[in-house]
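# Summary of the model geometry
Residues per chain, in single letters:
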Amino acid sequence: MCRAFPWEREWRAQHASLLQALLETGPRHPNESLLEIGGLIFEKAVKRLSSVDGLHQMSSVVPLLMDSSCCGYHKASYYLAVFYETGLNVPRDQLQGMLYSLVGGQGSERLSAMNLGYKHFQGVDNYPLDWELSYAYYSNIATKTPLDQHTLQGDQAYVETIRLKDDEVLKVQTKEDGDVFMWLKHEATRGNAAAQQRLAQMLFWGQQGVAKNPEAAIEWYAKGALETEDPALIYDYAIVLFKGQGVKKNRRLALELMKKAASKGLHQAVNGLGWYYHKFKKNYAKAAKYWLKAEEMGNPDASYNLGVLYLDGVFPGVPGRNQTLAGEYFHKAAQGGHIEGTLWCSLYYITGNLATFPRDPEKAVVWAKHIAEKNGYLGHVIRKGLNAYLEGSWHEALLYYVLAAETGIEVSQTNLAHICEERPDLAETYLGVNCVWRYYNFSVFQIDAPSFAYLKMGDLYYYGHPNQSQDLELSVQMYAQAALDGDSQGFFNLALLIEEGALIPHHILDFLEIDPTVHLNNISILQELYERCWSHSSEESLSPCALAWLYLHVRLIWGAVLHSALTYFLGTFLLSVLIAWTLQYFQSISANGFNLTPAGASPGPTAPTASPAVTPAADASAQDQPPVTSNPEPRG
């Protein structure tokens, strides 16, 4: 409940003329006037937050956002939800954050509903794990997404997967006065069809940093279609004329252009002709003919449209509805990225009404989430964060990336973690959570998580952090997942762990599809990991993987050489000792055989007689001198 709802009864009596003036400045309905006032308060709060030291002013911003939320302007509700859930320069209060998120969700605020859907999907931040409830939130926004995309008004931008680690992509981001945009405009003016098409797309959808401007986009579509004869431009302009998006409808000219583009082999135009005969002529036979042809050419729109014919029971020659065939076509369209096809599949998975779509609430959430994250209002927040980052406005970049990341979109989570790595001072000062840990950890539970996020989490588990002791098992799992995604660093890190004496569990080796015959030999595992590391490396010169592989083999060869040399010298030494001992033994036996006592001597004392002692000369020298043997030390 609002703690200080404006215009209580006594205020109405005291400021009747002011209230009347406010009502007359806006829409006639009082609630709409209140909403407009909430919007003005919100704009004032955002303006403060967007200043150079905006996060310093949180103490004055939060009351404004509370007033705006009370007026029913629920963008403010979502801001408050995120501030309390993350402790963004306010005391962290997860319950208060949940309450504001619920308020925003009730008001159909897109980002609030996505936040609720994400938290229930993962069961984080004290939200109960509930896939059915998560689906309800996500499907609500997913169904609004295609409608929002065709709305030319509002703070929307195309949702682009732009990573702050990708310098090449960052270089081509532009604005209406930027070098890239000006160059494209120059080339488009000269009649370059590719430049005209790209310029029109950027303006129509609000891409690559350019503000959404459908009117200017249509001018370029028209210019390209009428001057360059480019089939893609002809098709785009025909669609604009059919739907009357920013231009007066002209069905006759649109049909001529569509046929022209189709004659040039453009599968989108072939599908467009089917759409024309279905929507305007109700000629389902002709529509099916064009859609079957377009589907053979790989057009996902055509697959969806064929599904609609089966669902409505109007497919030529097929009596009645056939939901099974409709579902198959919708699934094929969804695999090609078709929004409505994905929504139907999501619905089938949550209900389980079709045999070909057994009930699977988790999969239903994944598909609905995928579409909801294409919403233009989310794209606008992401674009503001990216622009602030490129301009070096760190406070604003942190603000908008936190707002986007809390909706559960992976690219913003990893980008926010990257910002916190670049500016740890900023994260420690303004956030009440461990930013790097929280958002890399969130990202690795996403279906489309990038490999570098797994590597980061592997490092965090390996080294530990204030709230997490070292966990080698989880570290190995993260590196293995990065390796499975084809990242050479993942293989390299696993090999280093083995070099340090760590044991890689057999199920991880099986996970990496390493031959079980080498599991018991660390050297064989190292060879396999370094070879895969080298093969997945994108570097043309000698990479660390190649050097590690070469070093391992040098060590193996050197060890083999040393082992052979040592065996040779030890064998020679033992043989020499054996020969010397044998010679000495026979010499001693020979000496004992020649040392005789005279026979026939009488008893009693006799005079000594001089008789020569028989002592071989060899005995004297051999017994007194040690045998000479060669016993060299092994060389290192």
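Keep in mind that this is a model prediction, so the values were computed, not measured.

### Some thoughts on the overall build of the protein chain
A tally of regular secondary structure across the protein chain gives 32 helices and zero strands. Taken across its 636 residues, the protein chain has 46% of its residues classed as buried. Restricting the contact set of the protein chain to residue pairs at least 6 apart, pairs at least 24 apart contribute 56%. For the protein chain, the accessible area works out to roughly 33,200 Å², and carbon and sulfur atoms hold 56% of it.

### Quick word on the packing of aromatic side chains
In this description, a pair of aromatic rings is defined by centroid distance and the angle of the planes. Overall, the coordinates contain 25 aromatic pairs when judged by the stated rule. Between Phe-204 and Tyr-221 the ring centres are 6.2 Å apart and the planes differ by 65 degrees, which places this aromatic pair in the edge-to-face class. Taken as a pair, Phe-204 in helix 11 (residues 193-205) and Tyr-221 in helix 12 (residues 214-227) lie far apart in primary sequence, 17 residues in all. The same class applies to Phe-204 as to Tyr-221, namely buried. Ring geometry for Tyr-348 and Phe-357: centres 5.1 Å apart, planes at 45 degrees, overall tilted. Given a relative accessible area of 3%, Phe-357 falls into the buried group. A network of ring pairs unites the aromatic residues Tyr-304, Phe-330, Trp-344, Tyr-348, Tyr-349, Phe-357 and Trp-367 as a single cluster.

### Thoughts on a nonpolar patch on the surface
Residues Leu-95, Leu-99 and Leu-102 make up a contiguous nonpolar surface patch of about 260 Å² in total accessible area. Tracing the backbone through its elements, the reader meets Leu-102 in helix 6 (residues 94-106).

### Regarding the state of the cysteines
The tally for this structure, following the rule as stated, stands at one disulfide. A sulfur-sulfur separation of 1.9 Å characterises the disulfide bridge that pairs Cys-420 with Cys-435. Measuring the twist about the S-S bond at about 75 degrees, one finds the Cys-420-Cys-435 disulfide to be right-handed. Pair noted here: Cys-420 is in helix 23 (residues 410-422) and Cys-435 is in helix 25 (residues 435-443), with a separation of 15 residues, a long-range link. Given a relative accessible area of 3%, Cys-420 falls into the buried group. According to the relative accessible area criterion, Cys-435 is buried, its value standing at 3%. Considering cysteine sulfurs only, Cys-70 is the nearest to Cys-71, which forms no disulfide, with 6.9 Å between them. A relative accessible area of 6% places Cys-71 in the buried class.

### So, the packing of helix 5 (residues 74-86) against helix 6
Across the interface, helix 5 lies against helix 6 with an axial gap of 7 Å and an inter-helix angle of 160 degrees. Here helix 6 runs roughly antiparallel to helix 5, going by the angle between their axes. Regarding helix 5 and helix 6, the two cross each other, and that crossing is left-handed. Contacts between helix 5 and helix 6 involve His-74, Ser-77, Leu-80, Ala-81, Tyr-84 and Glu-85 from the first element and Gln-94, Gln-96, Gly-97, Met-98, Tyr-100, Ser-101, Val-103 and Gly-104 from the second. Here the contact of helix 5 with helix 6 is built from residues that sort into six nonpolar, seven polar and one charged.

### Focus: the confidence of the model for the protein chain
Of the residues in the protein chain, 83% reach a pLDDT of 70 or more, and the chain-wide mean stands at 83. For residues 594-636, every residue scores under 50 in pLDDT, and the model assigns this stretch 14 contacts once sequence neighbours within four places are set aside.

### Quick notes on a positive patch on the surface
Together, Lys-243, Lys-249, Arg-251, Lys-279, Lys-281 and Lys-282 line one region of the surface with positive charge. Within the element layout of this structure, Lys-243 appears in helix 13 (residues 231-243). Residue classification places Lys-243 among the partly exposed positions, given a relative accessible area of 37%.

### A short note on helix 10 (residues 179-189)
Inspection of helix 10 places Phe-181, Leu-184, Glu-187 and Ala-188 among the buried residues, and these make up the whole buried set. Buried residues of helix 10, seen end-on, are gathered within an arc of 130 degrees and therefore sit on one face of the element. Opposite the buried face of helix 10, by more than 90 degrees, sit the exposed residues Asp-179, Trp-183 and Thr-189. Residues of helix 10 that are buried make contact with helix 11 and helix 12. Directly beyond the C-terminal end of helix 10, a positive phi value near 100 degrees is found at Gly-191.

### Considerations on helix 19 (residues 339-351)
Between its terminal C-alpha atoms helix 19 stretches 19 Å, which fits the 18 Å expected from 13 residues at 1.5 Å a residue. Of the positions making up helix 19, those classed as buried are Ile-339, Gly-341, Thr-342, Leu-343, Cys-345, Ser-346, Tyr-348, Tyr-349 and Ile-350. Check the buried side of helix 19 and you find it contacts helix 8 (131-149), helix 17 (300-312), helix 18 (323-335) and helix 20 (361-372). Taken from the residues just after helix 19, Gly-352 is the one with a positive phi, measuring 70 degrees.

### Observations concerning the pattern of salt bridges
Tallied over the full model, the rule gives 20 salt bridges. Between Lys-75 and Asp-155 there is a salt bridge, with the nearest N and O atoms lying 3.7 Å from each other. Placement of the pair is Lys-75 in helix 5 and Asp-155 in the loop between helix 8 and helix 9 (167-171), with a sequence separation of 80 residues. The salt bridge involving Lys-171 is made with Glu-168; its shortest N-O contact spans 3.4 Å. Of this pair, Lys-171 and Glu-168 are both found in helix 9, three residues apart, which corresponds to roughly one turn of the helix.

### Regarding the packing of helix 5 against helix 7 (residues 110-122)
Two quantities define a packed helix pair, namely the angle between the helix axes and the distance between the axes. Where helix 5 meets helix 7, the axes come as close as 9 Å, and the angle between the chain directions of the two elements is 40 degrees. For the pair helix 5 and helix 7, the contacting residues are His-74, Tyr-78 and Glu-85 in the first and Leu-111, Ser-112, Asn-115 and Lys-119 in the second. Per-class residue counts for the contact of helix 5 with helix 7 are two nonpolar, three polar and two charged.

So, how was this worked out
Residues numbered from 1 in each chain as written. Predicted model: local features only at pLDDT ≥ 70, side-chain atom pairs only at ≥ 80, totals over all residues. Heavy atoms only, no water. Helix = DSSP H or I, 4+ residues; strand = E, 2+ residues; numbered from the N terminus. Buried < 20%, exposed > 50% of the residue type's maximum accessible area, 1.4 Å probe, protein only. Contact = heavy atoms within 4.5 Å. Areas by Shrake-Rupley, 256 points an atom, 1.4 Å probe, with all protein chains shown as cover. Phe/Tyr/Trp six-rings, centres within 6.5 Å; stacked < 30°, edge-to-face > 60°. Patch = residues over 30% accessible without salt bridge, like charges linked within 9 Å, V, L, I, M, F, W, Y side chains within 5 Å. Salt bridge = Lys/Arg side-chain N within 4 Å of Asp/Glu carboxyl O. Disulfide = S-S within 2.5 Å. Axes fitted to C-alpha atoms, helices over the stretch in contact; angles between N-to-C directions. Parallel < 35°, antiparallel > 145°, perpendicular 65-115°, else oblique. Left-handed = near helix turned anticlockwise from the far one by under 90°. Nonpolar A, V, L, I, M, F, W, Y, C, P; charged D, E, K, R; others polar. pLDDT = per-residue confidence, 0-100. Lys, Arg positive; Asp, Glu negative; His and termini not counted. Charge placed at Lys NZ, Arg CZ, Asp CG, Glu CD. Arc of directions from axis to C-beta. Expected span 1.5 Å × (residues − 1).

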